[in-house]
Amino acid sequence: MALPDSVTTCLSQPVHYVICKLGFEKKDTYDINNILSGNGEVCWQAVTEHVCYLESDGSVDYINSIRSLGPVCESVNLYFKSLTKEQFVIQYASWFHWTNCTEVFLEVFDVLQCTQATEVALGLMKLTSCLERALGDVYLLNGNDCPFLLRDLLASEQLADVFGKAVMNVLRVFIGSPRGLNLRNVLWHGFAAPQEIPAKYCAMLLFLTAGLGQLLQTYLLQTKAVLVHRPYMIFIRLEELDAFPDLNNEILSIAEEVVKVSSFVLEMMLPFWIAALTAFKQSRYADSVILLLPQLEVGLRLLFTTTNKCPNRLLTAESSAFYTTFDEMLAKHLDNEEVNQLPVVLEEPAMASIFKDFLWDFLNHQEGPRVRDRLSHGEINLETFPREVANQIVGFAITILCRFSEKDFKEHMVIKPLMNCASCYRSRFHPISRLKKQVLECMKNIHLWPELPTVPEEQVEKIKGLEGNTEANTTILMISEIISQLQHYMPQSCCSSDDPVNSVLTERLLVELCDTRICTLYSPRPVLEVVVVLRKISAQCHQVSQQVIAGAGLRYTQWVNKTLRSRQRHNYRRMLNSIKFLSPVLRLILLLIILELVSIHSVCKKNPFDYQQYLKFLKSVLQYTENLVTYTSPEKNKWDETMELTKKTLIKIRKISDRKLMLMHLAT
């Protein structure tokens, strides 16, 4: 697919004017001493005087405010350039402590000295991220549930109470309002090229952040309040993110060639790509990802606007419209209900899948790392950003660059392993994927039951009503009947007429069934609603298993130590008898979960059906597992009730098996 090569800016004409020209219209030389006291503190009244307000409604007049603040920003920039690093640290370092990331702000000062456009843009992205997080901490001094959006945070009464409304309006001129400079959004969403961001605005935000620190110190002294910093988010289970092999220097060298010829890269954005690859090689992993994510967005936006024939949406939206962002570009339909052509023109199903699955996994899914949100809102410690995460983002980017390159880099012996990984990628954080993982983890837990320490049979007295384990035998028989009805929908290798329970209800079968590829691209709403219930059922089963393991271990220890009272010994024996049938019951439920998942997804793709009635059955199973959690808890230990409840539930499952088999038949 041919992509346009004539794009010279992603800023619309009005936005380009506001950012690149408006603040330069006044040629006055502004005296820095007007806004700087003798001891280096910010004279806020002198700064706020430059914010203009509309006569009509008293709201901020952003255009005239930017024009008025332009010379002030230039004066601050020149002032910072006149300072040595030592002077800056002595004068200002302590005023950045409230942000909990002083080093980032000191780095921004260094960037302003070199005036490399790419580094200034990077510094500004990091500054706005850390500033937003710090302002959120201040918000929590007087409020709960910090707003997610920066514009709502800056407009909050909680921050106005601490810093003053006039001060917050100064900030809103620079960040947080689409009617102002909106520096944070145009950078983080990939609209601004390096040369389009004036360094003086970065300098001014650095200056204002120090001034906020001064105001906050006064507020804390007056109120005797204590500022508490929220802990950073830490990536856990990094192995779950492992999609691409480790990127060595040879791969990165090839990538530096590809980026220069790939049509996915807009020419004016090339410095960002080069800087991102360089940062990765220098082990500056947060910097690499911060630079790269907006470029993935603008590259995808280029594809989106080209394929859907809406080139005007490549540009920044005005304050009255929405940006074309990842969420819309990855959606099935456009806002006019027409089909999004982006997945279609990607031609290769695997490539369409990785675009959707990988990006949603890493950026959007609630249980995924949500890398962009967490970075842009300051939730991650930039100094400890893990290489493992950066490796995946850069690896993905390289495969996209190769896909849109006329030269066939895809077949290069160094790049081919990456392309193979891309073509095999399956979602890890879609609810369907998480359900599969839940089921397998639960099954592993249940498989620990045979290893539980138990009292020898000869030491266990017979319990009236349980002689010969007739209840357990009846339960096993019902499970066997249900399995026989389901065998048609399972691999024949897993079936055995001699012992269906132990030959079918195995971890091996679940692994095989979970390996069935289910398309997570645009899952229908009925599927997602069913998955929510199935996940709850799986979670309850896991909790039951954990309670059985903990309870059996504790009771065995107490039995050996002879610390159980008569009633407790009696209850322990009932537990041991119940465990014999509870294990296959839970394993059957896990099997049903996976069979349900496969069948409901296939049916929704082929035939509409009354899934509300179907949900009703699943919710009855959920109710059973919730009751099991209660009955098997250490506080209750109701094993007789557990047995009776299980028998009733199995009868219900067996009775409606025809309905379920019909559903599975529709799927096949």
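Residues numbered from 1 in each chain as written. Predicted model: local features only at pLDDT ≥ 70, side-chain atom pairs only at ≥ 80, totals over all residues. Heavy atoms only, no water.

### Re the overall build of the chain
Move 1: Regarding its fold elements, the chain presents 29 helices and zero strands.
Move 2: Burial analysis of the chain (668 residues in total) assigns 56% to the buried set.
Move 3: Counted over contacts in the chain with a minimum sequence separation of 6, partners at least 24 positions apart contribute 77%.
Move 4: Here the chain displays about 29300 Å² of accessible surface, and carbon together with sulfur accounts for 52% of that area. (Helix = DSSP H or I, 4+ residues; strand = E, 2+ residues; numbered from the N terminus. Buried < 20%, exposed > 50% of the residue type's maximum accessible area, 1.4 Å probe, protein only. Contact = heavy atoms within 4.5 Å. Areas by Shrake-Rupley, 256 points an atom, 1.4 Å probe, with all protein chains shown as cover.)

### Examining the state of the cysteines
Two cysteines form a disulfide when their sulfur atoms are joined by a covalent bond.
Move 1: For the structure on display, the rule yields zero disulfides.
Move 2: Distance from the sulfur of Cys 421, which forms no disulfide, to the nearest cysteine sulfur (Cys 424) is 7.1 Å. (Disulfide = S-S within 2.5 Å.)

### Some remarks on the layout of surface pockets
Move 1: Of the volumes computed, that of the second largest pocket is approximately 560 Å³.
Move 2: Mapped by element, the contributors of at least two residues to the lining of the second largest pocket are α17 (349-364), α21 (431-446) and α24 (507-514).
Move 3: Examining the composition of the lining of the second largest pocket, we find that seven residues originate from one element, α21, more than from any other.
Move 4: The residue makeup of the lining of the second largest pocket, split by class, is seven nonpolar, five polar and ten charged.
Move 5: Two domains each provide a minimum of three residues to the lining of the second largest pocket, namely domain 2 (238-424) and domain 3 (431-455 + 470-659). (1 Å grid on protein atoms, 1.4 Å probe; cavity = no way out; pocket = protein on both sides within 12 Å on 5 of 7 lines; lining within 4 Å. Points joined across faces, edges and corners; volume = space filled by probe spheres on them. Nonpolar A, V, L, I, M, F, W, Y, C, P; charged D, E, K, R; others polar. Domains from an automatic or database assignment.)

### Comments concerning the packing of helix α13 (residues 270-281) against helix α14 (residues 285-307)
Move 1: Where α13 meets α14, the axes come as close as 8 Å, and the angle between the chain directions of the two elements is 150°. One finds that α13 runs roughly antiparallel with respect to α14. The way α13 lies across α14 gives a crossing that is left-handed. On the side of α13, the interface is formed by Phe 272, Trp 273, Ala 275, Ala 276, Ala 279 and Phe 280, while α14 contributes Tyr 285, Asp 287, Ser 288, Leu 291, Leu 292, Gln 295 and Leu 296.
Move 2: Here the residues of the contact of α13 with α14 sort into ten nonpolar, two polar and one charged. (Axes fitted to C-alpha atoms, helices over the stretch in contact; angles between N-to-C directions. Parallel < 35°, antiparallel > 145°, perpendicular 65-115°, else oblique. Left-handed = near helix turned anticlockwise from the far one by under 90°.)

### What about the pattern of salt bridges?
Move 1: In the structure shown here, the tally under the stated rule is 24 salt bridges.
Move 2: A salt bridge links Glu 367 to Arg 434; its shortest N-O distance comes to 3.9 Å. Of this pair, Glu 367 sits in the loop between α17 and α18 (371-376) while Arg 434 sits in helix α21, placing them 67 residues apart in sequence.
Move 3: Close ionic contact of Lys 444 with Glu 507 constitutes a salt bridge, the shortest N to O distance being 2.8 Å. One end of the pair, Lys 444, is in helix α21; the other, Glu 507, is in helix α24, and 63 residues separate them in sequence. (Salt bridge = Lys/Arg side-chain N within 4 Å of Asp/Glu carboxyl O.)

### Some details on the side chain of Gln 558
Move 1: When you line up the elements, Gln 558 lands in helix α25 (residues 525-560).
Move 2: In this structure the side chain of Gln 558 is engaged in a polar contact, spanning 2.6 Å, whose partner is the side chain of Arg 555. (Polar contact = N/O pair within 3.5 Å; in protein donor to acceptor, adjacent residues only side chain to side chain.)

### What to know about unusual backbone geometry
Move 1: With a phi close to 55°, Asp 145 is a non-glycine residue in the positive phi region.
Move 2: With respect to the helices, strands and loops of the structure, Asp 145 is situated in the loop between α6 (117-139) and α7 (150-154).
Move 3: Judged by relative accessible area, Asp 145 falls into the exposed class, the value being 70%.
Move 4: Backbone geometry at Ser 283 places phi at a positive 65°, although glycine is not the residue there.
Move 5: Looking at where Ser 283 falls in the secondary structure, it is placed in the loop between α13 and α14.

### Digging into helix α20 (residues 416-423)
Move 1: Turning to α20, its buried residues number three or more, namely Leu 418, Met 419 and Ala 422. Each buried residue of α20 lies within a common arc of 100° when the element is viewed along its axis, so the set occupies one face. (Arc of directions from axis to C-beta.)

### Points about empty space enclosed by the protein
Move 1: For the coordinates displayed, the defined rule picks out four cavities of 30 Å³ or more.
Move 2: The computed volume of the largest cavity comes to approximately 70 Å³.
Move 3: Around the largest cavity sit eleven residues that line it, and Leu 592, Glu 596, Phe 617, Leu 618 and Val 621 are the ones nearest its centre.
Move 4: Looking at the lining of the largest cavity, the elements that each hand over two or more residues are α25, α26 (566-606) and α27 (611-631).
Move 5: When residues in the lining of the largest cavity are grouped by element, the largest group, four residues, is from α26.
Move 6: Looking at the lining of the largest cavity residue by residue, the classes come out as nine nonpolar, no polar and two charged.

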